[in-house]
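Chain residues, written in single-letter form:
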Amino acid sequence: MIQDDYRAAIDVGTTKVCTILGKKRPDGSIEIAGVGVAPCSGLKRGLVADPEATTSAVMASVGAASKAAGMPIRQAYLGLTGSHVESRNVWSKVDGFSGVTVVTQEDVRRALAVASEDAAVEGRDLLHVIPRSYALDGIYGVRNPLGMHAAEMYVQAHAILGDRHPIESLQAAVRAAGIGISGLIVEPVAAAEAVLTDAEREEGVILADIGGGTTDVAVFYEGSIVHTTVLPIGGYQFTNDIAISFNATYEESERIKLRFASAVPDARTASEEFGIDSQGMDDPLIITRREIGQLMSERATELMRLMMKKLDEPHLNGLRISQMVLTGGGVKLDGFQAIARYIFQGHVRTASPRGAEGLPVERQDPQFSASVGLLLWGMRNLPRESHAGRKAITRTGGRSNGGGGLRASFRGLLPRSKATKAAKRESATPVGV
Ligand SMILES: Nc1ncnc2c1ncn2[C@@H]1O[C@H](COP(=O)(O)OP(=O)(O)OP(=O)(O)O)[C@@H](O)[C@H]1O
Ligand SMILES: [Mg+2]
């Protein structure tokens, strides 16, 4: 039996599955014990299109992580994306106050329960309900109401919802690999966990994880998440533009993209020529970096414009957010950041995952931000349980059966600074929603 707090996270991406096993040290820091990455061809735009291919990629990735760590993985947190993922914000009145009383943990728990009821939408699964702030007796903006006095309390919460069918398909593909699921975490929330600083969350920031099949977006303001959305566009479309323009296979187009593409080819190299294998032609087609650059620049511009359009929401318009953090493999395209800065007209940086020790150098890369973030978010916000070794150790019986599905992932969050403490307090009282 393994006594340490080992937990695993599986990021099933459109191009690769990444499994990370990590351990929480007594001082709270998180150390990575093993990483396994396997190519995946089972997803399209973040959704399972080929269950068997997905399952075998999960098996390969979990197997590699288990081998690297020297211990079997039985369970894991699972990342979720797809354009069915949407968010909404609710204000809810917390009943049960009679006269002025001290706000207790039970009141906070009831706040989460009532916000969950208000956020629920018929036929959709509620994935996260994250308290953003509270209003006590008409005073708004209270981040942690515990211990304060109030006769009336409202909670403002951010809820993230998804469609049942794609969620079930992903879970089934992972379970078929022999892995239990002890929590679902949406990918934009995970990526944010691995790349954003506290100052960025406080001042306001847009986080975009541009992957192979999706662009996962999360917006933070005054320390908490205010918007989550997923666009069904990623590196795939960039490669596909090359494939269509030059009648090349997807593989050949990907090779050309990785080797020669830039969204802002510089004047010195723009006329450089190279060959691309075009189907139906005996000899490679000779093209220039400028031609590829034109395609990449148009696609990057369109992606950024679509993202900004998607964020043109009444509740975001007044926030004056002037920072953007980009991550995911798609931002490795040379010149992408420059285009993002031009469209966004604000400060833009590209980020790799941080916050976990022992991440192999080759994984300290924007492509692994969401994978690392899944582990960090789960470790910081979900109850302690062991995902590795032969037998589960849980403090909250029944939550680690791998079949817990959505309910097991259901945790509310206090604003970031309070989250860890709150998670510890909450661990014995799962939110009953
Ligand atoms: N140097 C590069 N230049 C351009 N694109 C790149 C580069 N390196 C990686 N990519 C692109 O990044 C994408 C893969 O990114 P990532 O690993 O973040 O995706 P994923 O997690 O598998 O997919 P998703 O999160 O969308 O489900 C691919 O489309 C790949 O072509
Ligand atoms: Mg990804």
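Owing to the predicted nature of the structure, the values given are computational and were not obtained by experimental measurement. (Residues numbered from 1 in each chain as written. Chains lettered and ligands numbered in written order. Predicted model: local features only at pLDDT ≥ 70, side-chain atom pairs only at ≥ 80, totals over all residues. Heavy atoms only, no water.)

## Focus: the overall build of the chain
Looking only at helices and strands, the chain has 13 helices and 20 strands in total. With 433 residues in all, the chain has 57% of them scored as buried. The contacts of the chain with a sequence gap of at least 6 include a subset with a gap of at least 24, amounting to 68%. On the chain, roughly 18100 Å² of surface is accessible, and the fraction owed to carbon and sulfur atoms is 49%. (Helix = DSSP H or I, 4+ residues; strand = E, 2+ residues; numbered from the N terminus. Buried < 20%, exposed > 50% of the residue type's maximum accessible area, 1.4 Å probe, protein only. Contact = heavy atoms within 4.5 Å. Areas by Shrake-Rupley, 256 points an atom, 1.4 Å probe, with all protein chains shown as cover.)

## Some details on the site of ligand 1
Of all residues adjacent to ligand 1, which total 19 residues, the nearest are T15, G213, E254, K257 and Q367. Between an oxygen atom of ligand 1 and a main-chain N or O atom of T214, the distance comes to 2.9 Å. A distance of 2.9 Å separates an oxygen atom of ligand 1 from a polar atom in the backbone of G329. Calculation on ligand 1 without its partners gives an accessible area of 660 Å², and the protein chains cover 92% of this total. Counting residues per element, the ones that place at least two in the shell around ligand 1 are helix 6 (235-246) and helix 7 (250-260). When residues in the shell around ligand 1 are grouped by element, the largest group, 3 residues, is from helix 7. When the residues that make up the shell around ligand 1 are grouped by side-chain class, the tally is 3 nonpolar, 12 polar and 4 charged. Summarising the domain contributions, the shell around ligand 1 has at least three residues from each of domain 1 (6-83 + 163-193 + 360-409 + 422-426) and domain 3 (197-350). (Near = heavy atom within 4 Å. Polar contact = N/O pair within 3.5 Å; in protein donor to acceptor, adjacent residues only side chain to side chain. Nonpolar A, V, L, I, M, F, W, Y, C, P; charged D, E, K, R; others polar. Domains from an automatic or database assignment.)

## Some details on the packing of aromatic side chains
The description of two aromatic rings rests on the distance between their centres and on the angle between their planes. Scanning the entire structure with this criterion turns up 4 aromatic pairs. Aromatic pair Y236 and Y250: ring centres 5.2 Å apart, planes at 20°, arrangement stacked. Linking Y236 in helix 6 with Y250 in helix 7, this pair joins segments that are 14 residues apart in sequence. Ring geometry for F260 and F274: centres 3.7 Å apart, planes at 5°, overall stacked. On the criterion of sequence distance, the pair formed by F260 in helix 7 and F274 in strand 17 (residues 273-276) is long-range, its members being 14 residues apart. For the pair F260 and F274, one class covers both residues: buried. (Phe/Tyr/Trp six-rings, centres within 6.5 Å; stacked < 30°, edge-to-face > 60°.)

## Some remarks on the packing of helix 6 against helix 7
It is the contact of helix 6 with helix 7, at a shortest axis distance of 8 Å, that shows an interaxial angle of 105°. Classed by the angle they form, the pair helix 6 and helix 7 counts as roughly perpendicular. Touching G235, Y236, F238, T239, N240, I242 and A243 of helix 6 are Y250, S253, E254 and K257, all from helix 7. Each residue belonging to the contact of helix 6 with helix 7 can be placed in one class, and the counts come to 5 nonpolar, 4 polar and 2 charged. (Axes fitted to C-alpha atoms, helices over the stretch in contact; angles between N-to-C directions. Parallel < 35°, antiparallel > 145°, perpendicular 65-115°, else oblique.)

## Let's talk about the nonpolar core
With 65 residues, the main nonpolar core has I10, V12, L21, V58, L78, V174 and L196 as its most contacted residues. Ranked by the residues each element gives to this core, the list is headed by helix 11 (residues 369-381), at 7 residues. Filtering out sequence-adjacent residues up to four positions away, V174 remains in contact with I10, V12, V58, L78, I179 and I181. Listed in part, the 40 residues of the second largest apolar core include I287, M296, L311 and I339. (Core = buried A, V, L, I, M, F, W, Y, C linked by side-chain atoms within 4.5 Å.)

## Some words on the side chain of S92
Turning to its location among the elements, S92 is positioned in strand 7 (residues 86-94). On the basis of relative accessibility, which here comes to 1%, the residue S92 falls in the buried class. Polar side-chain contacts of S92 include one of 2.6 Å to the side chain of D118.

## Observations concerning the side chain of S116
Note on placement: S116 falls in helix 2 (residues 105-119). Among the polar contacts made by the side chain of S116, one reaches the main-chain carbonyl oxygen of L112 at a distance of 2.7 Å.

## Comments concerning the environment of G204
Mapping G204 onto the fold places it in the loop between helix 5 (198-203) and strand 14 (205-210). Sequence-wise, G204 and G223 are 19 residues apart; in three dimensions their C-alpha atoms are separated by 7.8 Å. Not counting residues up to four positions away in its chain, the partners in contact with G204 are F220, Y221, I321 and Q323.

## A closer look at the environment of T54
Counting through the fold element by element, T54 comes out in helix 1 (residues 51-69). As for T54 and A173, which are separated by 119 residues in sequence, their C-alpha atoms are 6.2 Å apart. Every residue in contact with T54, bar those within four places of it in the chain, is listed here: V12, C40, G42, L43, V48 and A173.

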